[in-house]
Amino acid sequence: MELPRDDDTLFAALIARDPSYDGFAYVGVKTTGIFCRLTCPARKPKRTNVVFFSCRDAAQDAGFRACLRCKPLDLKRPTSGALETLRDRIKTEPDRRWSTDDVKALGYDPSTVRRAFQREYGVTFAQYARSQRLGLAVNRLQQGGTVMDAQLDAGYESGSGFRDAVSRLIGDAPIRTTAHQILTAQWLDTPIGAMLAVADDAGLHLLEFAERKALPTEIARLRKRVGPICFGQHPMLDTLARQVDDYFAGRSTSFGLPIVQKGTPFEGIVWDALQQIPAGQTRSYGEIARHIDRPDAPRAVARANGANQIAIIVPCHRVLGADGSLTGYGGKIWRKQWLLEHERRVASTPSQL
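Residues numbered from 1 in each chain as written. Predicted model: local features only at pLDDT ≥ 70, side-chain atom pairs only at ≥ 80, totals over all residues. Heavy atoms only, no water.

Trainee: Before we move on, can you summarise helix H10 (residues 235–249) with the specific residues and values?
Mentor: Because an α-helix packs 3.6 residues into every turn, residues spaced three or four apart end up facing the same way. Taking 1.5 Å per residue as the helical rise, H10 with its 15 residues ought to reach 21 Å, and the 21 Å between its terminal C-alpha atoms agrees with that figure. All of the buried residues in H10 are Met 236, Leu 237, Leu 240, Gln 243, Val 244, Tyr 247 and Phe 248. End-on, the buried residues of H10 take up no more than an arc of 135 degrees, which puts them together on one face. Exposed and facing more than 90 degrees away from the buried side of H10 are Pro 235 and Arg 242. Here the buried face of H10 lies against strand E5 (183–188), strand E6 (195–200), strand E7 (203–209) and helix H14 (333–348). Positive backbone phi, at 80 degrees, marks Gly 250, one or two positions downstream of H10. (Helix = DSSP H or I, 4+ residues; strand = E, 2+ residues; numbered from the N terminus. Expected span 1.5 Å × (residues − 1). Buried < 20%, exposed > 50% of the residue type's maximum accessible area, 1.4 Å probe, protein only. Arc of directions from axis to C-beta. Contact = heavy atoms within 4.5 Å.)

Trainee: Hey, could you go over the sheet that holds strand E8 (residues 229–231) for me, with residue numbers and the actual values?
Mentor: Read across the open sheet, the four strands follow the order E7-E6-E5-E8; overall the sheet is mixed. Two strands bound the open sheet, and with one partner strand each, they are E7 and E8. Mean inter-strand twist for the sheet, computed between neighbouring axes without regard to direction, equals 25 degrees. Of the strand pairs in this sheet, E5 and E6 are connected by five bridges, and their pairing is antiparallel. By the bridge assignment for E6, Leu 188 is matched with Met 195. (Pairing = 2+ DSSP bridges. Axes fitted to C-alpha atoms, helices over the stretch in contact; angles between N-to-C directions.)

Trainee: I'd like a rundown of the pattern of salt bridges, residues and numbers included.
Mentor: Throughout the structure, instances matching the rule amount to eleven salt bridges. Between Glu 211 and Arg 335 there is a salt bridge, and its shortest N-O distance comes to 2.4 Å. Of the two residues, Glu 211 sits in the loop between E7 and helix H9 (215–225) while Arg 335 sits in helix H14, which places them 124 residues apart along the sequence. One salt bridge in this structure joins Glu 341 and Arg 344, with 2.8 Å as the shortest N-O distance. A residue pair is termed a helical-turn pair when its members lie 3 or 4 positions apart in one helix, as Glu 341 and Arg 344 do in helix H14 at three residues. A relative accessible area of 25% means that Arg 344 is categorised as partly exposed. Connected via shared salt-bridge partners are Glu 208, Arg 212 and Glu 218. (Salt bridge = Lys/Arg side-chain N within 4 Å of Asp/Glu carboxyl O.)

Trainee: Tell me what's going on with the confidence of the model for the protein chain, and back it up with residues and numbers.
Mentor: Averaged over every residue, the pLDDT of the protein chain is 83; the share at 70 or more is 84%. Predicted confidence in the protein chain is weakest over helix H7 (residues 147–153), with a mean pLDDT of 48, and strongest over helix H11 (residues 265–274), with 96. Segment residues 144–150: pLDDT under 50, and nine contacts once partners within four positions in sequence are set aside and those in other chains are kept. Residue range residues 170–175 is modelled with pLDDT below 50. Its contacts to residues more than four positions away, or to other chains, number 16 contacts. (pLDDT = per-residue confidence, 0-100.)

Trainee: Describe empty space enclosed by the protein, with residues and values.
Mentor: As enumerated under the stated definition, the model contains two cavities of 30 Å³ or more in all. The space that makes up the largest cavity amounts to roughly 40 Å³. His 205, Leu 222, Arg 225, Val 226, Gln 261, Lys 262 and Gln 309 together form the lining of the largest cavity. (1 Å grid on protein atoms, 1.4 Å probe; cavity = no way out; pocket = protein on both sides within 12 Å on 5 of 7 lines; lining within 4 Å. Points joined across faces, edges and corners; volume = space filled by probe spheres on them.)

Below you can see the structure in the form of structure tokens.
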């Protein structure tokens, strides 16, 4: 399904700050000589003062300069400067226990930082930093470190507080963490929002957008079906991060990681069928039902499609309604439209792959 490109539709998308056009359409403002994303938060120009472009090069060739606010030349959408800085600091200092005064010392307002992390990841900055510290501590326990060292690394002054935190995470006392195969989680940043990835040595269990409403339920189900989850580093997730970057950069639409999400036998058949839909193409629920020799089960296919926990790689976004309309997508409909448009463009220019 291709995004409509007429100027009236694009102007309406500009006024609505429609994110599904991000990267596929740009607006040039004649009175300023600047071009922007359609999602730019700047004050909207008059209809008579704008011209639209399908790519950044076309806008620049026409003499427009890139907006410094929405940064249309960047691949990833702009985020709060505070978010980017603090996220990088946590990566370089994962065992640091951050305080409000630390945030203020960097020149940021704590309440602004809290809202920025909630918008992007669904958790506050304090919760984000704590999850990274706790993950580091549990990983050290897994590698044979002492409970006291792990407790101090995680920034817990109270031994009981640390035990309670780890117990909630893995369902056991810290002294017995080596008996568990802990699933590892990481945040992945993409042009259309943060994604949560969960994997272990066997493969990838979950890849979802942070805004998916069902994500807390999926995490709880995953912990119950497979085991405890902890933030940390894992080679499987490092490979995934590189492949996700390649996907969004248009260098590749294929992935080479084992998928180990658990479901019913029927769900597994549907998920396999989804992976057979080529990038740049779509199928209806009925077409998939016929493909798996269950022509009477399009609704069951729709339910299995919705139960998929591996976004993009198991491409449930490539499934449309019988009339070709965009149907429900847990990661939000605008992302489904964005992914389809991205894949259509990549598939039409194979030399980029």
